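Remarks on the overall topology
For reference, the chains in residue letters:
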Amino acid sequence: MVDFKMTKDGLVLVIKHYESIQVILDQIVSKLSQMKGFFAAGDKIMLMVERHEMHSHDIPRIVSLLREHGIDVAQILIGDSFQNDLSSMSKVKLLEERETKSGTKVVKKHVRSGQAVVHSGDIVVLGNVHAGAELLAGGSIVVFGNVKGTLRAGLNEGDSAIIAALSMQPTLIQISGYTLKEVSNYEEPIVVHVKNGKIVVDKAKDIKF
């Protein structure tokens, strides 16, 4: 289910459809052990996860594991099956972002179409998230700007995570295992959270802390 493929665009870690993320993580560690000495610290690869939509909540864990072994993921490839010619696949470029001492990723720029931010903790964006962009956070997401892309939060933390933005017309919102595909346009600060087993969108001014 896990294999490295060399293509004209570079090295790709290909992960086939799976049932258990722990099995995948163990296979990655085993594969890296077999390839000991092949990678140098800071090497960049591409990541291809088949059925991306089904397994998107596991991507932060996979990326974090690779980083623990000194390997950075430069791009995420989206497609239904692997081909040696990657021209037919969508390439999602990962933004370079800064990690604070608290473990929060801070992105001081707009996240544009075709870009993604993947982090196992919280993500803070000081800018807009354009349509075609994606944020995948193990914890919560806060955007000091407008959101038109896809936001996936609580992928590690669970349904206690929140999503907050100054304004929002997102493509899709996910918190833990809950998904909201149809979201109204909000032109004022809002907070998205899980309540009674479903995703709720509240105006920030109505939230009582």
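Residues numbered from 1 in each chain as written. Predicted model: local features only at pLDDT ≥ 70, side-chain atom pairs only at ≥ 80, totals over all residues. Heavy atoms only, no water.

Considering the overall build of the protein chain
Within the protein chain, the secondary structure is distributed over 3 helices and 17 strands. In summary, the protein chain has a C-alpha radius of gyration of 17 Å against a globular reference of 17 Å for 209 residues, a match within 12%. Projected onto the principal axes, the alpha-carbon positions of the protein chain cover approximately 55 × 35 × 30 Å. Sorting the 209 residues of the protein chain into buried and exposed places 51% on the buried side. Of the roughly 10,400 Å² of accessible surface on the protein chain, a fraction of 48% belongs to carbon and sulfur atoms. In the protein chain, 25 positive and 24 negative side-chain charges are present, and the distance between their average locations comes to 4 Å. (Helix = DSSP H or I, 4+ residues; strand = E, 2+ residues; numbered from the N terminus. Rg over C-alpha atoms; globule rule 2.2 N^0.38 Å. Buried < 20%, exposed > 50% of the residue type's maximum accessible area, 1.4 Å probe, protein only. Areas by Shrake-Rupley, 256 points an atom, 1.4 Å probe, with all protein chains shown as cover. Lys, Arg positive; Asp, Glu negative; His and termini not counted. Charge placed at Lys NZ, Arg CZ, Asp CG, Glu CD.)

Brief notes about the sheet that holds strand β7 (residues 105-107)
One open sheet accounts for 7 strands, arranged β6-β7-β9-β11-β13-β16-β17; its pairing is mixed. Only two strands of the sheet have a single neighbouring strand rather than two, namely β6 (98-99) and β17 (198-203). Of the strand pairs in this sheet, β7 and strand β9 (residues 123-125) are connected by 3 bridges, and their pairing is parallel. Along β9, the bridge assignment pairs K105 with I123. (Pairing = 2+ DSSP bridges.)

Details of the pairing of strand β8 (residues 115-119)
A regular strand places its side chains so that they alternate between the two faces of the sheet. Most of β8 is tucked away: 5 of the 5 residues are buried. Here β8 shows a buried face lined by Q115, V117 and H119 and a second buried face lined by A116 and V118. Looking at chain direction, β8 and strand β10 (residues 134-137) are connected through 4 bridges and run parallel. Paired with V117 across the bridge in β10 is L135.

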